[in-house]
Amino acid sequence: MTKSKYPVVGIILIFLLFVLGLLMLVRTRAVREESDTLASPVPTYFVFPSMAVSAPPKTTPTPTPTPDTPPRIDIESWQYVLASATSPIGDYAPPQLAAIENGQQFDSRAAVSLQNFIAGARAAGLNVCLSSAYRDYYTQQYLYNRKVGQLGGDKAAAARIVLPPGTSEHQLGLCADITDQYYEVKNEALENTALFQWMQEHCAEYGFIVRYPKDKQDITGVMFEPWHFRYVGEEAAQYMVDHNLCLEEFLALYK
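Keep in mind that this is a model prediction, so the values were computed, not measured.

A. Just the environment of Asn 244, in detail. By the element assignment, Asn 244 lies in the loop between helix H7 (234-242) and helix H8 (247-252). Residue Asn 244 is classed as partly exposed on the basis of its relative accessible area, which comes to 44%. On a C-alpha basis, the gap between Asn 244 and Lys 216 in space is 9.5 Å, while along the polypeptide they are 28 residues apart. Beyond its immediate chain neighbours, meaning those up to four positions away, Asn 244 contacts Asp 215, Lys 216 and Glu 249. A distance of 3.3 Å separates polar atoms of two side chains, one belonging to Asn 244 and the other to Asp 215.

What follows is the structure, encoded as structure tokens:
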């Protein structure tokens, strides 16, 4: 009896279908895994502070420096009055004077500042002699005429040492001649005294300046006087000291 070939063919077809299905299943799983991998977010990792890499700090550009602004003051106020050969004050006299010491007087509005200035020097262990402060018009006239006579009538030379009446700061009652002892004749050597060096360093703290500095004689028209201190107030004095300005240069800033 001859066997039918169909059962064999059927078995082969079933096997092929099984293999084909298996291949399709494997392919589907591979595609799904690939898709999942692409869709997965980038994993994040915890970074310990010690392992963190910080970005370089941002640098702030250095601003271009600008000139210091002069203090905002009323330049017409009494403590800034200029008395000089080019700015005469006539027979001016302070509205009120206060006694300081040694028979000397000072404008009452600045008298306490002068007293504190002198007290500060003495507290530093220095000897202080207040030899001259306020001088009226006629006293200044006498001193000037005497100096002219001593210099053989040379008024220009005399004016560099003793200012003519109406041009001297002593007439304002805002300046004082301060030395470590009484001197019949004062000269530039007084800059070497411990008193002058202390007063030059601390004068602005009390509102004073060295009125006629060594390097400003061409501007002030007066010889270097390391004993002549002028009151201008603390704010103005500190600015002038910080910027190496004489009073004429300071006042010019406001014109």
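B. Up close: the packing of helix H2 (residues 111-123) against helix H5 (residues 194-202). At their nearest, the axes of H2 and H5 sit 10 Å apart, and the two run at 125° to each other. Overall, the two elements H2 and H5 adopt an arrangement that is oblique. Helix-helix and strand crossings are classified by hand; for H2 and H5 the assignment is right-handed. Contacts between H2 and H5 involve Phe 117, Gly 120 and Ala 121 from the first element and Leu 195, Trp 198, Met 199 and His 202 from the second. Taken together, the residues that form the contact of H2 with H5 break down as five nonpolar, two polar and no charged.

C. Seen up close, the packing of aromatic side chains. Evaluated as defined, the whole model comprises 14 aromatic pairs. Pairing Trp 78 with Tyr 231 gives two aromatic rings, centres 6.0 Å apart and planes at 15°, and the pair type is stacked. One end of the pair, Trp 78, is in the loop between helix H1 (6-39) and strand E1 (97-99); the other, Tyr 231, is in strand E6 (residues 228-231), and 153 residues separate them in sequence. For Tyr 231, a relative accessible area of 10% puts it in the buried group. Put simply, the rings of Trp 78, Phe 106, Phe 117, Phe 196, Trp 198, Tyr 206, Phe 208, Phe 224, Phe 229 and Tyr 231 touch in pairs and so form one group of aromatic residues.

Conventions we followed
Residues numbered from 1 in each chain as written. Predicted model: local features only at pLDDT ≥ 70, side-chain atom pairs only at ≥ 80, totals over all residues. Heavy atoms only, no water. Helix = DSSP H or I, 4+ residues; strand = E, 2+ residues; numbered from the N terminus. Buried < 20%, exposed > 50% of the residue type's maximum accessible area, 1.4 Å probe, protein only. Contact = heavy atoms within 4.5 Å. Polar contact = N/O pair within 3.5 Å; in protein donor to acceptor, adjacent residues only side chain to side chain. Axes fitted to C-alpha atoms, helices over the stretch in contact; angles between N-to-C directions. Parallel < 35°, antiparallel > 145°, perpendicular 65-115°, else oblique. Left-handed = near helix turned anticlockwise from the far one by under 90°. Nonpolar A, V, L, I, M, F, W, Y, C, P; charged D, E, K, R; others polar. Phe/Tyr/Trp six-rings, centres within 6.5 Å; stacked < 30°, edge-to-face > 60°.

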